[in-house]
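Fold and geometry: a report
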Amino acid sequence: MAGVLDVPKPRINTSMLSQHISRPVCFVGRVEKVQPTGKTFTVSDGEGKSATVELNEPLEEELSGIVEVVGMVSNRGAIMAATYNTLREDKGVPFDLELYNEAVKLIHDFPQHYPFEVAASG
């Protein structure tokens with residue numbers, strides 16, 4: 001799955017998961033629940049819809065707040081994470097997940113202005 005990090009990835013929300021099966025994606029959401037095993041957690045997007053994130057290794061730290069997950073979408077619609085980053089909410093300014101979700105939808109509404117595919121240069 002190391003190749004996931006080397007290719008362009010569309011930013012998606014939960015409603016777009018089924019359109020990206022077996023493809024690399026970038027997903028930003030709020031951590032809702034971490035399973036006791038630490039290998040799975042649930043995130044909600046800006047519409048309040050939930051997605052499941054699966055990890056290869058259990059978490060070694062507490063996970064909360066807003067996270068950006070990069071990974072592949074499985075046949076079950078879960079995100080198989082290659083990596084994740086916690087987005088800090090500094091100085092009392094919360095991350096506006098609803099506004100972010102609107103931007104994601106806008107990007108997908110106008111693909112001619114926001115191409116995700118990069119032509120291979122030879």
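Just so it is clear, the structure is predicted and the values come from calculations on it, not from any experiment.

A separate point is unusual backbone geometry. Backbone geometry at Ser-22 places phi at a positive 65 degrees, although glycine is not the residue there. Mapped onto the elements of the fold, Ser-22 is located in the loop between strand 1 (11-12) and strand 2 (24-34). Looking at Ser-22, the relative accessible area reads 47%, which means it is partly exposed.

This part covers the nonpolar core. Core analysis: the biggest nonpolar cluster contains 23 residues, and Ile-12, Phe-41, Val-43, Val-53, Val-67 and Val-69 have the highest contact counts within it. Elements supplying a minimum of two residues to this core: strand 2, strand 3 (40-44), strand 4 (50-54), strand 5 (66-73), strand 6 (79-87) and helix 1 (97-109). If sequence neighbours within four positions are ignored, Ile-12 has contacts with Leu-17, His-20, Val-25, Cys-26, Phe-27, Val-73, Val-104 and His-108.

With that settled, consider the pairing of strand 6. Pairing between strand 4 and strand 6: 2 bridges, direction parallel. Residue pairing across strands places Val-53 opposite Ile-79, the latter belonging to strand 6. Both strand 5 and strand 6 contribute to a ladder of 8 bridges, which runs antiparallel. Across the sheet, the residue bridging to Val-69 is Tyr-84, located in strand 6.

For Lys-39, the position within the fold is in the loop between strand 2 and strand 3. Judged by relative accessible area, which is 35%, Lys-39 ranks as partly exposed. With 21 residues separating them in the primary sequence, Lys-39 and Glu-60 have C-alpha atoms 9.9 Å apart. With residues near it in sequence (within four places) discarded, Lys-39 still touches Val-53, Glu-54, Leu-55, Asn-56, Glu-57 and Pro-58. From its side chain, Lys-39 meets the backbone oxygen of Asn-56 in a polar contact 3.4 Å long.

Our focus in this paragraph is the pattern of salt bridges. Scanning the entire structure with this criterion turns up 5 salt bridges. Arg-76 is paired through a salt bridge with Glu-54; the nearest N and O atoms lie 2.5 Å apart. Linking Arg-76 in the loop between strand 5 and strand 6 with Glu-54 in strand 4, this pair joins segments that are 22 residues apart in sequence. For Glu-54, a relative accessible area of 19% gives the class buried.

Cut-offs applied
Residues numbered from 1 in each chain as written. Predicted model: local features only at pLDDT ≥ 70, side-chain atom pairs only at ≥ 80, totals over all residues. Heavy atoms only, no water. Helix = DSSP H or I, 4+ residues; strand = E, 2+ residues; numbered from the N terminus. Buried < 20%, exposed > 50% of the residue type's maximum accessible area, 1.4 Å probe, protein only. Core = buried A, V, L, I, M, F, W, Y, C linked by side-chain atoms within 4.5 Å. Contact = heavy atoms within 4.5 Å. Pairing = 2+ DSSP bridges. Polar contact = N/O pair within 3.5 Å; in protein donor to acceptor, adjacent residues only side chain to side chain. Salt bridge = Lys/Arg side-chain N within 4 Å of Asp/Glu carboxyl O.

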